[in-house]
Amino acid sequence: MSDQRTSAIVEKYGTDESATLSALQDLQEEHGYLPREALLDVSKRMEVPLSRVLSLATFFNAFSLKPKGKHHVNVCMGTACHVRGSQLILEKLERELGIKSGDTTPDRNFSLDAVRCVGCCGLAPVIMVGDTFHGKLSQAKVPGVLKKYGK
Ligand code: FES
């Protein structure tokens with residue numbers, strides 16, 4: 001059973017299969033992730049096979065099937081960051097937050113993901129918290145960054 005927000009989005013696109021991606025983008029924006037019920041609703045009401053909806057939902061990095069935290073932490077694992085220790089930064093974040101990459105803290109305050117180059121290699125190693133870059137990081141600096149976001 002879908003909620004009203006989901007219904008309004010799905011109804012907007014009718015049964016136009018070519019609009020499936022747009023509907024998923026709207027749902028991601030509305031909910032912050034793609035709830036299972038919303039995917040079922042898209043499939044049923046837009047008359048698109050569930051397998052097709054799921055393949056779109058899992059193919060694009062912009063979509064998430066899990067709820068994200070209030071503060072979304074993306075750790076750049078691109079080449080420049082990798083050679084400057086991004087794996088150690090990720091491991092430190094996992095320890096500090098008590099979650100693994102791809103997960104969200106139980107209080108829904110933080111979610112953590114490893115991503116490709118975020119486009120400011122000169123600041124490597126870099127993480128993004130929401131839209132804010134934090135560069136030239138070390139493991140020792142990680143707690144200070146998290147503290148700014150209420151950790
Ligand atoms: S590799 Fe990390 S910002 Fe480019």
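In this text the structure is predicted, and so the values were computed from the model without any measurement.

### What to know about empty space enclosed by the protein
Then comes step 1: Throughout the structure, instances matching the rule amount to one cavity of 30 Å³ or more.
Then comes step 2: What lines the largest cavity is C76, G78, T79, A80, C81, C117, V118, G119, C120, C121 and V126.
Then comes step 3: Among the elements that line the lining of the largest cavity, the one with the most residues is helix 5 (residues 79-83), at three residues.
Then comes step 4: In terms of residue class, the lining of the largest cavity is made up of eight nonpolar, three polar and no charged.

### Side note on the sheet that holds strand 2 (residues 110-115)
Then comes step 1: Spatially, 2-1-3-4 is the arrangement adopted by the four strands of the open sheet, whose pairing is mixed. Of all the strands in the sheet, the pair left with one neighbour each is strand 2 and strand 4 (132-134). Direction aside, neighbouring strands of the sheet carry axes that sit 25 degrees apart on average.
Then comes step 2: Pairing of strand 1 (residues 71-76) with strand 3 (residues 127-129), which is carried by three bridges, proceeds in the antiparallel orientation. Bridged to V73 within strand 3 is V129.
Then comes step 3: Helix 6 (residues 86-97) rests against strand 1, strand 2 and strand 3 of the sheet, and its axis sits at about 165 degrees to strand 2.

### Thoughts on the packing of aromatic side chains
Then comes step 1: Summed over all chains, the structure comprises two aromatic pairs.
Then comes step 2: With a centroid separation of 6.0 Å and an interplanar angle of 85 degrees, the aromatic rings of F60 and F63 are classed as edge-to-face.
Then comes step 3: Look at F60 and you get partly exposed, because its relative accessible area is 31%.
Then comes step 4: Overall, the relative accessible area of 9% leaves F63 in the buried class.
Then comes step 5: Through pairs of rings, three or more aromatic residues link up here, namely F59, F60 and F63.

### Things to note about the environment of A124
Then comes step 1: As for its placement among the helices and strands, A124 is situated in the loop between strand 2 and strand 3.
Then comes step 2: Separated by 58 residues in the primary sequence, A124 and K66 place their C-alpha atoms 28 Å from one another.
Then comes step 3: Setting aside anything within four residues of it in sequence, one finds A124 in contact with A80, C81, R84 and K136.

### Quick word on unusual backbone geometry
Then comes step 1: Cis geometry is found at the peptide bond from A124 to P125, where omega equals -5 degrees.
Then comes step 2: Tracing the backbone shows P125 in the loop between strand 2 and strand 3.
Then comes step 3: Phi angles above zero are rare outside glycine, and R108 is one such case at about 60 degrees.
Then comes step 4: Assignment of secondary structure puts R108 in the loop between helix 6 and strand 2.
Then comes step 5: A relative accessible area of 46% places R108 in the partly exposed class.
Then comes step 6: In the Ramachandran plot, K136 falls in the positive-phi region, its phi being about 50 degrees despite a non-glycine side chain.
Then comes step 7: The residue K136 is located in the loop between strand 4 and helix 7 (142-147) in this model.

Rules used in this analysis
- Residues numbered from 1 in each chain as written.
- Predicted model: local features only at pLDDT ≥ 70, side-chain atom pairs only at ≥ 80, totals over all residues.
- Heavy atoms only, no water.
- 1 Å grid on protein atoms, 1.4 Å probe; cavity = no way out; pocket = protein on both sides within 12 Å on 5 of 7 lines; lining within 4 Å.
- Points joined across faces, edges and corners; volume = space filled by probe spheres on them.
- Helix = DSSP H or I, 4+ residues; strand = E, 2+ residues; numbered from the N terminus.
- Nonpolar A, V, L, I, M, F, W, Y, C, P; charged D, E, K, R; others polar.
- Pairing = 2+ DSSP bridges.
- Axes fitted to C-alpha atoms, helices over the stretch in contact; angles between N-to-C directions.
- Contact = heavy atoms within 4.5 Å.
- Phe/Tyr/Trp six-rings, centres within 6.5 Å; stacked < 30°, edge-to-face > 60°.
- Buried < 20%, exposed > 50% of the residue type's maximum accessible area, 1.4 Å probe, protein only.

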